[in-house]
Amino acid sequence: MEEDTTRLARLFDALGAEDAEGWAESEAEEGLPQLARFRFLRTVWQDIDAWSTTASDWVAAYRRAGAAGGAVERAVRLGLTAEELGEIAREVARETAFALLQALDDPERGDEPEEVAGRLPGWALAELSARAEPTGRVLGALHEDLNETEPQTPTSRTGGDTG
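A brief look at the structure comes next.

Rules behind the numbers
- Residues numbered from 1 in each chain as written.
- Predicted model: local features only at pLDDT ≥ 70, side-chain atom pairs only at ≥ 80, totals over all residues.
- Heavy atoms only, no water.
- Helix = DSSP H or I, 4+ residues; strand = E, 2+ residues; numbered from the N terminus.
- Expected span 1.5 Å × (residues − 1).
- Buried < 20%, exposed > 50% of the residue type's maximum accessible area, 1.4 Å probe, protein only.
- Contact = heavy atoms within 4.5 Å.
- Core = buried A, V, L, I, M, F, W, Y, C linked by side-chain atoms within 4.5 Å.
- Salt bridge = Lys/Arg side-chain N within 4 Å of Asp/Glu carboxyl O.
- Patch = residues over 30% accessible without salt bridge, like charges linked within 9 Å, V, L, I, M, F, W, Y side chains within 5 Å.
- Areas by Shrake-Rupley, 256 points an atom, 1.4 Å probe, with all protein chains shown as cover.
- Lys, Arg positive; Asp, Glu negative; His and termini not counted.
- Charge placed at Lys NZ, Arg CZ, Asp CG, Glu CD.

1. Remarks on helix H3 (residues 34-53)
Taking 1.5 Å of rise per residue, 20 residues should cover 28 Å, and H3 covers 27 Å from first to last C-alpha, within 8% of that figure. Residues of H3 that are buried: Gln 34, Leu 35, Ala 36, Arg 37, Phe 38, Leu 41, Val 44, Trp 45, Ile 48, Asp 49 and Ser 52. Looking at the packing, one finds that the buried side of H3 touches helix H1 (2-14), helix H2 (20-30), helix H4 (55-64), helix H6 (82-105), strand S1 (126-128) and helix H7 (143-146).

2. Things to note about the nonpolar core
Counting 12 residues, the largest nonpolar core is built from Ala 36, Leu 41, Val 44, Trp 45, Ile 48, Ala 93, Ala 97, Phe 98, Leu 101, Leu 139, Leu 142 and Leu 146. Elements represented by at least two residues in this core include exactly H3 and H6. Broken down by element, this core gets its largest block of residues, 5 residues, from H3. Aside from chain neighbours lying at most four places away, what touches Ala 36 is Glu 127 and Leu 139.

3. A word on the pattern of salt bridges
Here the structure, examined in full by the defined rule, presents 10 salt bridges. Notably, a salt bridge pairs Glu 91 with Arg 94, separated by 2.7 Å at the nearest N-O pair. In this pair, Glu 91 and Arg 94 both sit in helix H6, 3 residues apart, roughly one turn of the helix. Using a relative accessible area of 27% as the deciding quantity, one classes Glu 91 as partly exposed. By sharing partners, the salt bridges in this structure join Glu 27, Glu 127 and Arg 137 into a single network.

4. With respect to a negative patch on the surface
A contiguous patch of negative charge, built from Asp 13, Glu 18, Asp 19, Glu 21, Glu 25, Glu 29, Glu 30 and Glu 148, is present on the exposed surface. The element best represented in the negative patch is H2, accounting for 4 residues. Here Glu 30 lies in helix H2.

5. Remarks on the environment of Leu 128
The topology assignment puts Leu 128 in strand S1. Put simply, Leu 128 and Glu 83 are 45 residues apart on the chain and 38 Å apart in space, counted from C-alpha to C-alpha. For Leu 128, the residues in contact, after removing those within four places along its chain, are Glu 133, Pro 134 and Thr 135.

See below:
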């Protein structure tokens, strides 16, 4: 068990986990798919952070063309910088990711018509082994760890009260 925890901790550390040992111990002792959960949330954060780290690129592109082009152009004319727009977009992306992760965990969360209640399929995000074989473990309650897994870099900021 100690060997598994050490191996897992090294993997978490390589992925940038702040508490690599804590994540590894949780997986080893509780049997939770923490490495898969952390890896998935890390990917989510890369997409969230891209809104601020690439703000100058997407602001320029949106000003040329895009669904929000007019709004972005007006915001720039009013004095907002690409960095400020990036901060706003990053927060919207974080809130959206949080809501999506909640929906992933709770298919009943949506607003379905009463006549289909209890008759609709659900979904689950499941762990696969390194050889792409199902392990039988589900990655549940991901929204609970979204804010905890936020990368601590100069461009990352702790989000609001969501989660």
